[in-house]
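In case you want the letters, here they are:
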Amino acid sequence: MVGLDLAGRTVVVTGAGQGQGAAEARLLVDAGARVIATDLGPEPPPGLGAVFSGGPLTYRQLDVTDGPGWAKLAEWIRSQGWQVDGLVNNAGITQRSRLLDASVADLQRVYEVNVAGSLLGIQALAPLMRSGASIVNVGSVAGLTAHYPVAYTASKWALRGLSQVAAMELGPRGIRVNTVHPGFIETPMTQGAKPEFRQATLAETPLGRTGSVEEVAGVVLFLLSPLSSFVTGAEIPVDGGQAGHGGAKSVSDALR
Ligand code: NAI
């Protein structure tokens, strides 16, 4: 029976040291996958929980902006005799400057991680994938809206374009590429969010609360699993309904 079981599959998760990436790595291990969790540090971060070297969860240091680093990872996977069945391009950074203050350097830095990092991952690992493999890119509600931090928002819109091209180009090989768009998720990235930001976001969110890392991980697992075998080029907001109403919520609320 087709299900969420990923036994026998190898999945690479970037930015897996904390937040959503760590939750995704943990859930994928629970689903039976062999997970290669990667992040910036040389050692497995505590957020990852117990690491069983050579077991279902292996940690590797990887800066997603580092092309030779990706090549080294691909080479290592090949040397283990493994193929790659899944890639979660989760690593991302935020950048909060606004339209009239954002510098070209701000734009370049977020693009380097959020867009180029995902491109490099696809380029390095697609050769190790066969039909049935699945790539999940982690976008953002920012990539569906005019979220105010301009460089971050532009990077996530760009990632959508990359995802769609990849879905088209890799489809004939049986490789699927989809995007999840998290809303406000409680992670170290959002820990420092101003109370005003939190309040205003909740006012725009029909479910009236923030999301958890597990709630994003569940959708990522679905997209990596055979249950979504005919889904590619899709974009799934995991945002409590924030993006779907297109700004109509404040009007609706005003007329209650
Ligand atoms: P986080 O900041 O808690 O975790 C991000 C991880 O990425 C960290 O472990 C960090 O070390 C790693 N990372 C950063 N730069 C890297 C690089 N160059 N190479 C490799 N790893 C790198 O963030 P969170 O919230 O878990 O974010 C995960 C993804 O979700 C990001 O792509 C983010 O843009 C996206 N997102 C997060 C939202 C939220 O509310 N937390 C909302 C929408 C999207």
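Cut-offs applied
- Residues numbered from 1 in each chain as written.
- Predicted model: local features only at pLDDT ≥ 70, side-chain atom pairs only at ≥ 80, totals over all residues.
- Heavy atoms only, no water.
- Helix = DSSP H or I, 4+ residues; strand = E, 2+ residues; numbered from the N terminus.
- Rg over C-alpha atoms; globule rule 2.2 N^0.38 Å.
- Buried < 20%, exposed > 50% of the residue type's maximum accessible area, 1.4 Å probe, protein only.
- Contact = heavy atoms within 4.5 Å.
- Pairing = 2+ DSSP bridges.
- Right-handed = clockwise from strand over helix to strand, strands pointing away.
- Core = buried A, V, L, I, M, F, W, Y, C linked by side-chain atoms within 4.5 Å.
- Patch = residues over 30% accessible without salt bridge, like charges linked within 9 Å, V, L, I, M, F, W, Y side chains within 5 Å.
- Areas by Shrake-Rupley, 256 points an atom, 1.4 Å probe, with all protein chains shown as cover.
- Salt bridge = Lys/Arg side-chain N within 4 Å of Asp/Glu carboxyl O.
- Near = heavy atom within 4 Å.
- Polar contact = N/O pair within 3.5 Å; in protein donor to acceptor, adjacent residues only side chain to side chain.
- Nonpolar A, V, L, I, M, F, W, Y, C, P; charged D, E, K, R; others polar.
- Axes fitted to C-alpha atoms, helices over the stretch in contact; angles between N-to-C directions.
- Parallel < 35°, antiparallel > 145°, perpendicular 65-115°, else oblique.
- Left-handed = near helix turned anticlockwise from the far one by under 90°.

(A) Spatial organisation of the overall build of the protein chain. Tallying secondary structure elements over the protein chain gives eight helices and seven strands in all. Its C-alpha radius of gyration of 18 Å places the protein chain within 12% of the 18 Å reference for a compact globule of 256 residues. Projected onto its principal axes, the C-alpha coordinates of the protein chain cover approximately 60 × 45 × 35 Å. Residue burial in the protein chain is summarised as follows: out of 256 residues, 47% are buried. Looking at the protein chain alone, contacts between residues at least 24 apart form 71% of all its contacts between residues at least 6 apart.

(B) Focus on the pairing of strand β6 (residues 176-182). In terms of burial, β6 is largely enclosed, as seven of its seven residues are buried. Here five bridges tie strand β5 (residues 134-138) to β6, and the two strands are oriented parallel to one another. In the sheet register, Val136 faces β6, and the bridge partner there is Asn178. Read from β5 through helix α4 (residues 150-170) to β6, the crossover connection turns out right-handed.

(C) Here's a closer look at the nonpolar core. Counting residues in each nonpolar core, the largest one holds 28 residues, and the members touching the most others are Leu28, Val35, Ala37, Leu48, Val180 and Leu224. Looking at this core, the elements with two or more residues in it are β1 (10-13), α1 (19-30), β2 (34-39), β3 (57-61), β5 and α7 (213-224). Top element by residues in this core is α7. It accounts for seven residues. Other than its neighbours up to four places away in sequence, Val35 contacts Val11, Val13, Ala25, Leu28, Val29, Pro56, Leu57 and Thr58. Core analysis: the second largest hydrophobic core is formed by 27 residues, Trp70, Leu73, Trp76 and Leu170 among them.

(D) A look at the environment of Val216. As for its position among the elements, Val216 is in helix α7. Val216 sits in the buried class, given a relative accessible area of 0%. Setting aside its immediate chain neighbours within four residues, Val216 contacts Gln20, Glu24, Val180, Pro182, Ile185 and Val238.

(E) Quick peek at a nonpolar patch on the surface. Nonpolar side chains collect at one region of the surface, where Val2, Leu4 and Leu227 lie side by side and expose about 250 Å² of accessible area between them. By the secondary structure assignment, Leu4 is in the segment before β1. By relative accessible area, which is 39% here, Leu4 ends up partly exposed.

(F) Looking closely at the site of the ligand. In the region of the ligand, 27 residues are neighbours, and Asp39, Asn90, Tyr152, Ile185 and Thr187 sit closest. Asp39 places a side-chain nitrogen or oxygen 2.5 Å from an oxygen atom of the ligand. Taking Lys156, its side chain carries an N or O atom lying 3.0 Å from an oxygen atom of the ligand. Among the elements of the structure, α1, α4 and α5 (188-191) are those that each provide at least two residues to the shell around the ligand. It is α5 that contributes the most residues to the shell around the ligand, three residues altogether. Here the shell around the ligand is built from residues that sort into 13 nonpolar, 11 polar and three charged.

(G) Representation of the packing of α1 against α7 in the model. Closest axis-to-axis distance for the α1/α7 pair is 8 Å, and the angle between their directions is 55°. One way to sum up the angle between α1 and α7 is to call them oblique. As for how α1 packs across α7, the hand of that crossing is right-handed. Where α1 abuts α7, its residues Gly19, Gln20, Ala23, Glu24, Arg26, Leu27 and Leu28 lie against Val213, Glu214, Val216, Ala217, Gly218, Val220, Leu221 and Leu224. Its residues placed into classes, the contact of α1 with α7 shows nine nonpolar, three polar and three charged.

All quantities given are derived from atomic positions and should not be read as evidence of function.
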